Amino acid sequence: MGLDTDKPETGKALLSFVEESRIPLLTINLLQALPKTPLWDRLERENRLVDDEGRDSNVDFLLPYDQVVSSWKKCMEAAYEPEKLFARYKYQCEYTYANRIRVPVSPEKRSWANIRRGLIMLRNVFWKVGVFGDYRKVFWKFALERLRKGDIEGLLSSSLIAHHLIVFARAASSGQQNASNYSLRLRGATVPAE
């Protein structure tokens, strides 16, 4: 978010796309200009680079900065709302992951060490999210359906990533997480981005 083509309704359009496409794992970022890139060079010519570590972006957006950041936070909060996120993962498990080409499991991967590791992960997810999570009702609805279908892989992979996304989005929408992982590292860049 924060592109020159953005409009006040861009956030709503983005959330509409998320729901229609049913993509569970997506990246919603604020525009960040990286050194030694054409974007950086253009914004530098236009005098639109901002050197302020207190901001979530180093770009002087065409829309008001606070409006863009507020829209980003609302999008993060809405896109990673547990009910909506697990509904998108359910769709992926049933219609996308189910149609993947099955690769034979090698004997190395079928080892007792890997089975033990998987059971520990399952126990930890059940405990951390299923018992202590504030969205445990949504989690159990998803988890029990995956278990009934014998889809432990879908349960584990979806739940682990969903938990990370929910925690990150909550921190981002409350202002505890910066919108860009690059902003604090910009000054140290010495090579062109590739």
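Remember, it's a predicted structure, so these values are computed and weren't measured experimentally.

Asker: Even after reading the chapter, I still don't get the packing of aromatic side chains, so can you show me in this structure?
Answerer: Aromatic ring pairs are defined here through the distance separating the ring centres and the angle between the ring planes. By the definition in use, this model includes nine aromatic pairs. Seen in terms of ring centroids, Phe126 and Phe139 are 6.2 Å apart; in terms of plane orientation they differ by 65°. Their pairing is edge-to-face. Separated by 13 residues along the polypeptide, Phe126 in helix 5 (residues 112-131) and Phe139 in helix 6 (residues 136-148) bring together distant segments of the chain. Judged by its relative accessible area of 0%, Phe139 falls in the buried class. With centroids separated by 5.0 Å and ring planes inclined at 40°, the aromatic side chains of Phe126 and Trp140 adopt a geometry described as tilted. Placement of the pair is Phe126 in helix 5 and Trp140 in helix 6, with a sequence separation of 14 residues. For Phe126, a relative accessible area of 22% translates into the label partly exposed.

Asker: I would appreciate a short explanation of helix 5 in the present structure.
Answerer: Side chains of residues three or four places apart in an α-helix project in the same direction, reflecting 3.6 residues per turn. The terminal C-alpha atoms of helix 5 lie 27 Å apart, and with 20 residues this matches the ideal 28 Å at 1.5 Å per residue to within 8%. The complete set of buried residues in helix 5 reads Gly118, Leu122, Val125, Val129 and Gly130. Along the axis of helix 5, the buried residues cluster in a sector spanning 85°; they form a single face. Residues of helix 5 that are exposed and angled more than 90 degrees away from the buried face: Trp112, Arg116, Leu119, Arg123, Trp127 and Lys128. Taken together, the buried residues of helix 5 touch helix 6 and helix 7 (152-173).

Cut-off values and rules
Residues numbered from 1 in each chain as written. Predicted model: local features only at pLDDT ≥ 70, side-chain atom pairs only at ≥ 80, totals over all residues. Heavy atoms only, no water. Phe/Tyr/Trp six-rings, centres within 6.5 Å; stacked < 30°, edge-to-face > 60°. Helix = DSSP H or I, 4+ residues; strand = E, 2+ residues; numbered from the N terminus. Buried < 20%, exposed > 50% of the residue type's maximum accessible area, 1.4 Å probe, protein only. Expected span 1.5 Å × (residues − 1). Arc of directions from axis to C-beta. Contact = heavy atoms within 4.5 Å.

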